[in-house]
Amino acid sequence: MSKSDLNSPAFAKRLKRRHAAERRFKLIGLGAIVLSLAFLALLLFIMMRNGLGGLNWGFLTGSDSTDPHTAGIWSAAKGSFLTMLVTLLLSFPMGVLAAIYLEEFAPRSRWIEWVEVSINNLAAVPSIIFGLLGLAVFINTMNLPRSSPLVGGLTLALMTMPVIVISGRNAIKAVPPSIRDAALAVGASKVQAVFHHVLPLALPGILTGTIIGMARALGETAPLLMIGMRAFIVTPPGGITDPSSVLPMQIFLWSDEIDKAFVQNTSAAIIVLLVFLLAMNGLAIYLRNKFEVRW
């Protein structure tokens, strides 16, 4: 482009239109952020106004009760912890190993393509379908204890595993091929190159995807409805096979009570659940920033 073209009115007009389009795009993006934060602030304000007065030591250490003044969330919180523990112990190793196999070792065949499509589709399946699957397989077929963290963890692991596989494959794919080539060049086997060099570099992305998937599982209610975790449980579970409830289910049950005094308990339980979710997402951001490698 010559100097005369740069000084022409047509070029100045095109440049002005481009700058106007960029400004509109920035304003739209800023508006979307402000709208999202406004809804979040409104939710936090309503929950804080209704439930902050109910947050006390008795509420945090008590169990469910028909009396709203003595009801607490310790039983549901412990049930959520045990359920998430079972989910993590099952979904994380199996999801990571599946991602490694599909990305590094699986041959390019029609069968593998079908498996990849199935995993992508499973990540978008409504959560209640996994609840029906857990009811049919783990309770009706395997006769595992109903309304237990074991069955809840198995069901949520089925729902979380596709997310871990997809995030794990993306993280492994992001590792430069030169890392693999260098390891193979010095005599490492394919397995050694993957597990000693590629996997540690992909671990931040894998952990981030895992924690985000676990945070989604922590807030799920529909799958747990199908396996009976909406029962009235007073005694905190002593193990993964004992009957228990979880925080989202406890919130659902209290919100359905006729007594208006349960409104404060419901809002207080929502605050506790939001704290759990924000802590898990904060942990994901911390791990990503701590272990992230820039190429």
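The structure under discussion appears in the preceding block.
Cut-offs and rules
Residues numbered from 1 in each chain as written. Predicted model: local features only at pLDDT ≥ 70, side-chain atom pairs only at ≥ 80, totals over all residues. Heavy atoms only, no water. Salt bridge = Lys/Arg side-chain N within 4 Å of Asp/Glu carboxyl O. Buried < 20%, exposed > 50% of the residue type's maximum accessible area, 1.4 Å probe, protein only. Patch = residues over 30% accessible without salt bridge, like charges linked within 9 Å, V, L, I, M, F, W, Y side chains within 5 Å. Areas by Shrake-Rupley, 256 points an atom, 1.4 Å probe, with all protein chains shown as cover. Helix = DSSP H or I, 4+ residues; strand = E, 2+ residues; numbered from the N terminus. Core = buried A, V, L, I, M, F, W, Y, C linked by side-chain atoms within 4.5 Å. Contact = heavy atoms within 4.5 Å. Axes fitted to C-alpha atoms, helices over the stretch in contact; angles between N-to-C directions. Left-handed = near helix turned anticlockwise from the far one by under 90°. Phe/Tyr/Trp six-rings, centres within 6.5 Å; stacked < 30°, edge-to-face > 60°. Lys, Arg positive; Asp, Glu negative; His and termini not counted. Charge placed at Lys NZ, Arg CZ, Asp CG, Glu CD. Parallel < 35°, antiparallel > 145°, perpendicular 65-115°, else oblique. Nonpolar A, V, L, I, M, F, W, Y, C, P; charged D, E, K, R; others polar.

Draft legend 1. Highlighting the pattern of salt bridges. Under the definition given, this model contains 5 salt bridges. Notably, a salt bridge pairs Glu116 with Arg108, separated by 3.3 Å at the nearest N-O pair. Here Glu116 falls in the buried class, since its relative accessible area comes to 15%. For Arg108, a relative accessible area of 57% corresponds to the exposed category. One salt-bridge network, held together by shared partners, links Glu103, Arg108, Glu116 and Arg169.

Draft legend 2. Looking closely at a nonpolar patch on the surface. Taken together, the side chains of Ile33, Leu37, Leu40, Leu43, Leu44, Met48 and Leu52 make up a nonpolar region of the molecular surface, amounting to roughly 610 Å² of accessible area. Note that Leu40 resides in helix α2 (residues 9-51). Accessibility expressed as a relative area gives 44% for Leu40, which makes it partly exposed.

Draft legend 3. A look at the nonpolar core. Of all hydrophobic cores here, the largest spans 40 residues; its most connected members are Ile73, Leu224 and Trp254. Looking at this core, the elements that each hand over two or more residues are α4 (74-105), α6 (127-141), α7 (149-173), α9 (190-218), α11 (247-255) and α12 (262-291). With 9 residues, the top contributor of residues to this core is α12. When residues no more than four places from it in sequence are discounted, the contact partners of Trp254 are Phe59, Asp64, Ala71, Gly72, Ile73, Phe262, Asn265, Thr266 and Ala269. Listed in part, the 12 residues of the second largest apolar core include Val96, Ala171, Ile172 and Ile206.

Draft legend 4. Summary view of the side chain of Arg169. Structurally, the position occupied by Arg169 is in helix α7. Exposure remark for Arg169: the relative accessible area of 16% places this residue in the buried category. Discounting residues that sit within four places of it in the chain, Arg169 has contacts with Ala99, Leu102, Glu103 and Glu116.

Draft legend 5. Expanded view of the packing of α4 against α7. In the contact formed by α4 and α7, the axes pass within 6 Å of each other and the chain directions differ by 35 degrees. Taken as a pair, α4 and α7 cross one another with a handedness that is right-handed.

Draft legend 6. Structural context of the packing of aromatic side chains. A complete count under the given rule lists 3 aromatic pairs for this structure. Where Phe59 meets Trp254, the ring centres are 5.9 Å apart and the plane angle is 45 degrees; that geometry is what we call tilted. A residue pair is termed long-range when its members are at least 10 positions apart, and Phe59 in helix α3 (residues 57-61) and Trp254 in helix α11 qualify at 195 residues. The exposure class of Trp254 is buried, given its relative accessible area of 2%.

Draft legend 7. How the structure looks around a negative patch on the surface. A cluster of acidic residues, Asp67, Asp256, Glu257 and Asp259, forms a negative patch at the surface. Mapped onto the secondary structure, Asp256 falls in the loop between α11 and α12. Asp256 sits in the exposed class, given a relative accessible area of 57%.

Draft legend 8. Just the packing of helix α8 (residues 177-185) against α9, in detail. Between α8 and α9, whose axes approach to 9 Å, the crossing angle comes to 140 degrees. Comparing the axis directions of α8 and α9 gives the class oblique. The two elements α8 and α9 meet at a crossing, and its hand is right-handed. Two secondary-structure elements touch here, α8 through Ile179, Arg180, Ala183 and Leu184 and α9 through Lys190, Ala193, His197, Val198 and Leu201. Considering only residue class, the contact of α8 with α9 consists of 6 nonpolar, 1 polar and 2 charged.

Draft legend 9. Summary view of unusual backbone geometry. Within the chain, Asn143 stands out as a residue other than glycine whose phi angle is a positive 55 degrees. Mapped onto the elements of the fold, Asn143 is located in the loop between α6 and α7. Positive phi, normally seen in glycine, also occurs at Ser147, with a value near 60 degrees. Examined against the element boundaries, Ser147 turns out to sit in the loop between α6 and α7.

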